[in-house]
Amino acid sequence: MNVGHRETADSDLVALAAAGDGAAFHALVERHRAMVYRLAYQFAGNHHDAEDITQDVFIKVYRSLERFRYDAQLTSWLYRIVMNACIDHKRRQSPAGWAPFTEEAELRMVNTPEERPGPEEQTYGGQLGEVLQSEIARLPPGQRLVFTMRHHEGLKLSEIASALDLAEGTVKRQLHAAVHRLRGALTSARVTTGGRA
Amino acid sequence: MTVCDLFDSPDIELYFYNELDAGERARVDAHLRGCAACRQRLDDLRAIRRALASRPVVDAPPAGDWSGFMRRLDAAIAADTSAPGAASVSPRVATPRRGWSLRPALALAAMLALVTIGVAIAARYRTTPAPAIESASQAPAQTPAPELKADPDRSLKVGTAEHLERSKLVVLGLATRDPQHTTAADWQYERQLAGNLLTDTRLYRLQAQDRGMTDVARVMRDLETVLIEASMADKPDRDTLERVQRLITKRDLVVKMQVVASSAGL
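Now for a quick tour of the structure. (Residues numbered from 1 in each chain as written. Chains lettered and ligands numbered in written order. Predicted model: local features only at pLDDT ≥ 70, side-chain atom pairs only at ≥ 80, totals over all residues. Heavy atoms only, no water.)

## Some thoughts on the overall build of chain A
Reasoning step 1: Looking only at helices and strands, chain A has 10 helices and zero strands in total.
Reasoning step 2: Ordered by position from the N terminus, the helices and strands of chain A form the series α-α-α-α-α-α-α-α-α-α.
Reasoning step 3: Evaluated residue by residue, chain A yields a buried proportion of 57% over its 197 residues.
Reasoning step 4: A fraction of 63% describes how many contacts in chain A between residues 6 or more apart in sequence connect residues 24 or more apart.
Reasoning step 5: For chain A, the exposed surface amounts to about 8400 Å²; the carbon and sulfur share of it is 50%. (Helix = DSSP H or I, 4+ residues; strand = E, 2+ residues; numbered from the N terminus. Buried < 20%, exposed > 50% of the residue type's maximum accessible area, 1.4 Å probe, protein only. Contact = heavy atoms within 4.5 Å. Areas by Shrake-Rupley, 256 points an atom, 1.4 Å probe, with all protein chains shown as cover.)

Okay, here's the thing in structure tokens:
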């Protein structure tokens, strides 16, 4: 599929798609959908929401083709769209007024895990990776997003801050809080399994 | 183990993720040499990395099948740009000026859908003349009743409830078909009804999203997924119908539609 665009650079695909070339847009989607889906799945933890987020991302890409800055990396642009799509998705699922990154919300999020089984309930039935994955799913959305982008995708904190339009200090605190929670889960898992995990 | 200077700071994480400059890194290096607690924190981070690295990477829909996703994306984009009033639904986003290779055909299909929707639904109503359904003959693009003009949210809720009532008939029709005894003509009829509702469903979903009506947006999203699967399936065969039925059941769609329609006050 889209063999004709296999060698075409991202920026050229964007230009072609912006000019109305549907095959170029498809090629762009096919080239980057796995990365977008991976991030969406890590954030959402299930296929249904991951697909929703991925679709939202590419609709936003489609709508924004003409605003793409050709001196920028497409992947950086995509990361920004993915992060915002994750936040939008969470906002739509949450009560009105959900704000992921204000100081007040930050404090609240640190103390407000999502309602999923805790590590103690998971450890006997699975491996350490499962316990940690479960704990990541329980992280407040802001922490989950920052941890995923830093740990899994390797983005620098400055890049995450820029993409989310946040102070770098806020992103550092989010990462610190996320790691603190994961370390707690790790310790708990080790205690529960007598160090086997 | 005593609490050290770095206990409450993010320095160990930043060290681990290589986010410190050379001077700060040297400072943490020196600290680590004398602090067992922080060495343990660093080891924990390595353990977390190893453990997470062993997890399977999920970067595609189940079974790696992207065909459904691509179909839904195409339909969503077509609806986004060709649906009447779509630009006003999302005023933050300018409607692209460029042409989409499939757009003329999809735009025509959308227009035809709007024109024929009344006919198709009327045909459905003739076989199920429930009073509540008869009141649901108002198309969403029609002017709202005079008493509703002053309250757009109320108007949207009423339109939403009516649309859900209409759609429920189609969903029930799909859900109750016997895949083994559904003729091609029956299946074609169901698909046509589903296709006719698609554009309006997307319109209502976007409006609900824009106005923060989360529950409505969610059920419209589920309905949209079912309608797309039903109306745009590559193979309108028994397997497809069974897949659509599983989707309806899995998402508990009929009950959700009933609840949301009821909460809208009709």
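## Concerning the interface of chain A and chain B
Reasoning step 1: Contact residues are listed per partner, giving 50 residues for chain A and 51 residues for chain B.
Reasoning step 2: Interface of chain A and chain B: buried area, both sides summed, is about 4700 Å²; carbon and sulfur atoms make up 59% of it.
Reasoning step 3: For the interface between chain A and chain B, the tally reads five salt bridges.
Reasoning step 4: For Arg183 of chain A, the salt bridge identified is with Asp44 of chain B, shortest N-O distance 3.6 Å. (Buried area = accessible area lost by both parts, 1.4 Å probe. Salt bridge = Lys/Arg side-chain N within 4 Å of Asp/Glu carboxyl O.)

## Some thoughts on the nonpolar core
Reasoning step 1: In this structure, Phe25, Val57, Val61, Leu65, Met83, Phe147 and Ile160 of chain A are the most contacted members of the largest nonpolar core, which totals 85 residues.
Reasoning step 2: Sort the elements by how many residues they give to this core and helix H2 (residues 22-44) of chain A lands first, with 12 residues.
Reasoning step 3: Shared between two domains, this core takes at least three residues from each, and those domains are domain 1 (1-93) and domain 2 (105-197) of chain A.
Reasoning step 4: Setting aside residues no more than four positions away along its own chain, Val61 of chain A makes contact with Phe25, Trp77, Leu78 and Ile81 of chain A.
Reasoning step 5: By size, the runner-up hydrophobic cluster in this structure holds 32 residues, among which are Leu193, Met213, Ala217 and Leu247 of chain B. (Core = buried A, V, L, I, M, F, W, Y, C linked by side-chain atoms within 4.5 Å. Domains from an automatic or database assignment.)

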